[in-house]
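# Fold and geometry: a report
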Amino acid sequence: MSSNPTTKEVVVAAPVEPHNLRKDKSLWRDLTSYWILGLCNNYGYVVMLSAAHDIIGQFHADTPSDNDVSGNGRECHIVSTGAILLADILPSLFVKIIMPFFPFWVHFRIALAVIFSAAGFLLVGFASAEWMALLGVIITSASSGIGETTFLAYSSNFNKNVVSTWSSGTGGAGVIGSLSYATLRSLDVSPRDTMLIMLIFPFIEALSFWVLLRKPTAVLPVTNVESTEELIVDDRPLEGFKEKLIYIKHLVKYMVPLALVYFFEYFINQGLFELVYFKDTFLDKAAQYRWLNVDYQIGVFISRSSVNVFQLNKIWLMSVFQFVNVVYFLTEVIYFYTPSIWITFVIVLWEGLLGGGAYVNTFYRMSKEIPPGRRQFAMAMVVQSDSYGIALAGFLSIPVHNAICSLPAAVRSISW
């Protein structure tokens, strides 16, 4: 055997960033496009969660006899908003699981995401029965799942900063989605007209992807590489189902902390938010639910937009803090001991900061640590982990919600 390595020409993704931030004057197009794509992709998902209380309420008479599980004075929907959460996350989770193993037909995937998003708004808006509304939520969820896996995987072809603008855009979707829904409903715009107005977002998503976003830099030939074998082992794209499956073990350190953070926060949002109620305030019960969601999304937006200013690699620490929030909300909805709604608003903002921070820091860290050749698959896999946590929260929140509803209503003894 010859001991001299043969010099080869290998075609790989360039190990340096495809676009230099200082030299590339058109980089703003990619960064702006990814912010808009993050906004539009998550907008429908956020709106469906913000509208969860109304979606359920329009098919169930909003009277004490229907909302009170045991006649004990607690105002509860028998069907928790966790049911909407499941309809809003399970299809997305299923899509995220299977997408990394399918051919990466980016234009077909995005076209499907745009069509599904528009169809979801139309179905919920024109729903005449509960199953139609839930089907609209399901289709919107599938659209979000297709878009998220595709856009994050596609980001491996661009400057790493598109990951931070994408994350900021998804945070913006939370604020804009929840705020626009709450505002339109406060102005007595009907649910149908609200959904029709929101049809502009799938259209903006299509324009951003096919018009504003530049075509990715072509794969570059790397010649005269003496350590070709090392380059191939460390950086080449994964091939085949088995090889991809084996590589997942390297991604667990990213997936588990992110899944825990999202499990805790969505257990709060969909199992407990609906039970938080402060009487004699400027907001009625339904409005409190909507504006707590807005407050939460503001926290998410702030933290998802902060990665270029502040980074935190210890995602597990955020999961610990989020668990503390679970303890607070669980005890609050049972005993009603918080004296002011403003204290709850502050804690909800903190909850959103933790959730958004876990998301953006996970993917920003991956954009620096994962080799470019494997980043596409890694991004598509890790993006599933938040959905695992959310789905588990949806299943658990329903029985916990109903169990709390069966308890005698507490009286808030101290009120500021």
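In this report, we go over the structure that sits alongside the text. (Residues numbered from 1 in each chain as written. Predicted model: local features only at pLDDT ≥ 70, side-chain atom pairs only at ≥ 80, totals over all residues. Heavy atoms only, no water.)

## Considering the overall build of the chain
Test applied: Labels follow the DSSP assignment, with helices taken as runs of H or I lasting at least four residues and strands as runs of E lasting at least two, numbered in each case from the N terminus. We call two residues in contact whenever any of their non-hydrogen atoms come within 4.5 Å of each other. Residue-level accessible areas treat just the shown protein chains as cover; the underlying method is Shrake-Rupley with a 1.4 Å probe.
Looking only at helices and strands, the chain has 17 helices and two strands in total. Taking the intrachain contacts of the chain between residues at least 6 apart in sequence as the baseline, contacts between residues at least 24 apart amount to 85%. Counting every atom, the chain has about 18,300 Å² of accessible surface; 67% of that belongs to carbon and sulfur.

## Some thoughts on a nonpolar patch on the surface
Operational definition: In this analysis, a patch consists of residues with relative accessible area above 30% that form no salt bridge, clustered at 9 Å for like charges and at 5 Å for the nonpolar side chains Val, Leu, Ile, Met, Phe, Trp and Tyr. The term salt bridge refers to a pairing of a side-chain nitrogen on Lys or Arg with a carboxyl oxygen on Asp or Glu at a separation within 4 Å. Per-residue accessibility, obtained with a 1.4 Å probe over protein chains only, is compared with the maximum for each type, and a residue is labelled buried under 20%, exposed over 50%, and partly exposed between these values.
Taken together, I200, F203, L207, W210 and V211 make up a surface patch of nonpolar side chains, about 500 Å² in accessible area. Tracing the backbone through its elements, the reader meets W210 in helix α9 (residues 200-212). Given the relative accessible area of 35%, W210 is considered partly exposed.

## So, unusual backbone geometry
Phi angles above zero are rare outside glycine, and D188 is one such case at about 65°. Along the chain, the position of D188 falls in the loop between α7 (161-186) and α8 (191-197). Backbone geometry places D280, a non-glycine residue, at a positive phi of 55°.

## Comments concerning empty space enclosed by the protein
Our working definition: A pocket, in this scheme, is an open set of points on a 1 Å grid over the protein atoms alone with protein on both sides within 12 Å along at least 5 of 7 lines, while a cavity is a set where a 1.4 Å probe fits but cannot get out; residues line either one if an atom lies within 4 Å of a point. Grid points are joined across faces, edges and corners, and a volume is the space filled by probe spheres set on the points. When residues are sorted by character, Ala, Val, Leu, Ile, Met, Phe, Trp, Tyr, Cys and Pro go into the nonpolar class, Asp, Glu, Lys and Arg into the charged class, and all the rest, Gly among them, into the polar class.
According to the stated counting rule, one finds three cavities of 30 Å³ or more in the structure shown. Estimates place the volume of the largest cavity at around 230 Å³. Lining the largest cavity we find 25 residues, and of these N42, Y45, Y262, Y266 and R304 sit closest to its centre. Within the residue set of the lining of the largest cavity, elements represented by two or more residues are α1 (27-50), α4 (81-98), α6 (130-154), α7, α12 (252-272), α13 (285-304), α15 (341-369) and α17 (385-405). Classifying every residue of the lining of the largest cavity gives ten nonpolar, ten polar and five charged.

## Some points on the nonpolar core
Counted only if it meets this: Grouping buried Ala, Val, Leu, Ile, Met, Phe, Trp, Tyr and Cys residues that are joined through side-chain atoms within 4.5 Å yields what is termed a nonpolar core.
Ranked by internal contacts, the top residues of the largest apolar core, which has 75 residues, are L251, F329 and F363. Among the elements that take part in this core, α12 stands out by supplying eleven residues, more than any other. Here L251 is in contact with I370, A378, M381 and V382, once residues within four sequence places are set aside. In terms of nonpolar packing, the next biggest core, distinct from the first, is built from 22 residues, M48, A87, V137 and L184 among them.

## Overview of the packing of aromatic side chains
Just so we agree on the cut-off: Whether two aromatic rings pair depends on their centres lying within 6.5 Å, for rings of Phe, Tyr and Trp, where Trp uses its six-membered ring; planes under 30 degrees apart make the pair stacked, over 60 edge-to-face, and the rest tilted. Our definition puts a charge over a ring when NZ of Lys or CZ of Arg is within 6 Å of the ring centre and also within 35 degrees of the ring normal.
Tallied over the entire structure, the rule returns 23 aromatic pairs. For the ring pair F321 and W350, a centre distance of 5.8 Å and an interplane angle of 55° mean the geometry is tilted. Of the two residues, F321 sits in helix α14 (residues 315-335) while W350 sits in helix α15, which places them 29 residues apart along the sequence. Ring pairing ties together the aromatic residues Y34, F104, F151, Y154, F158, W166, F209 and W210, which thus form one cluster. Between R304 and the ring centre of Y359, over which it is positioned, the NZ or CZ distance is 3.7 Å.

## Comments concerning the pattern of salt bridges
Evaluated as defined, the whole model comprises five salt bridges. A salt bridge links K96 to E148; its shortest N-O distance comes to 2.8 Å. Taken together, the positions of K96 in helix α4 and E148 in helix α6 put the pair 52 residues apart, joining distant regions of the chain. The residues K96 and E148 share a single accessibility class, namely buried. For D193, the salt bridge is made with R192, and the minimal N-O distance between the two is 3.8 Å. Residue class for D193 comes out partly exposed when judged on its relative accessible area of 34%. Since its relative accessible area comes to 43%, R192 is described here as partly exposed.

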